[in-house]
Amino acid sequence: MPNRNHIVWAFLFLILLPACASFSQLVRHSDPLTPEQHMQLGASYEAQGLNDSAGQQYEAALQLDGKYIPALMAGGNIAFANGDMKKAEASYRRVLRLDPNHAGANNNLAMVFLSRGKDMEQAERYAQIALNQGGPLRPYVLETLAEIYIRQARTSEAQKTLDEADAVAFAVNKDLCEQLAKTRQTLETNIRSQ
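Residues numbered from 1 in each chain as written. Predicted model: local features only at pLDDT ≥ 70, side-chain atom pairs only at ≥ 80, totals over all residues. Heavy atoms only, no water.

### A look at the pattern of salt bridges
Two side chains carrying opposite charge are able to pair once their charged atoms lie near each other.
Alright, step 1. Using the criterion set out here, one finds seven salt bridges in the structure.
Alright, step 2. Measuring nitrogen to oxygen at the nearest pair gives 2.6 Å for the salt bridge that ties E89 to R116. You can see E89 sitting in helix α5 (residues 85–98) and its partner R116 sitting in helix α6 (residues 103–116), a full 27 residues away along the chain.
Alright, step 3. For D163, the salt bridge is made with R184, and the minimal N-O distance between the two is 3.3 Å. Of this pair, D163 sits in helix α9 (residues 155–169) while R184 is found in helix α10 (residues 174–193), placing the two residues 21 residues apart along the sequence.
Alright, step 4. Within this structure, E89, R93 and R116 form a network of salt bridges that share partners. (Salt bridge = Lys/Arg side-chain N within 4 Å of Asp/Glu carboxyl O. Helix = DSSP H or I, 4+ residues; strand = E, 2+ residues; numbered from the N terminus.)

### Notes on the nonpolar core
Alright, step 1. Counting 44 residues, the largest nonpolar core has Y92, L109 and I148 as its most contacted members.
Alright, step 2. When contributions to this core are tallied by element, the ones reaching two or more residues are α3 (51–64), α4 (69–81), α5, α6, α7 (120–132), α8 (138–151), α9 and α10.
Alright, step 3. Those residues in contact with L109 that lie beyond four places of it in its chain are E89, Y92, R93, L96 and Y126. (Core = buried A, V, L, I, M, F, W, Y, C linked by side-chain atoms within 4.5 Å. Buried < 20%, exposed > 50% of the residue type's maximum accessible area, 1.4 Å probe, protein only. Contact = heavy atoms within 4.5 Å.)

### Overview of the environment of E46
Alright, step 1. Within the secondary structure, E46 sits in helix α2 (residues 35–47).
Alright, step 2. Under the relative-accessibility criterion, E46 is labelled partly exposed at 31%.
Alright, step 3. Sequence separation between E46 and I78 is 32 residues, and the spatial gap between their C-alpha atoms is 8.7 Å.
Alright, step 4. Beyond its immediate sequence surroundings of up to four residues, E46 is in contact with N51, A54, Y58 and I78.

Purely geometric numbers; function is a separate question.
This is the structure:
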């Protein structure tokens, strides 16, 4: 025979069961931010050096729109900066499945291969696709190509590419000019050691 406590608990269970079911629906809420807002928040975190928080925001943007190219690129860039070339490559390849001519993804994928120090032919192919797109990334892509040529000991092509990058970069970005100077030093060191 059930005691009084069992009956009370059974009664409470029957009363609270519908309330618990609706509580779980309360917990599941839609994200109030748009993918663009997650990107802005992520960029803010990234500017503060909070890459983990930035990455979470980029992932949140992708949860809302799995084909959101800016979030794929930003996530790939954070992975690259953290040395996770496998994740960076996967992000850039996802972008290229959506837009095979995306200059940033092509250049950054070339940089992944360059950082691994292997498959320079494939790195060059991606960089050339990026270069063919023109636009504001041109001097950066030229710098990537110059680094690839240096790795391949294609000295004259590296020199020509750096000259072209210098001509374009001056008006674009001081930091890029400094990077080009470093790449030029690498080229000169390689020339002297040959």
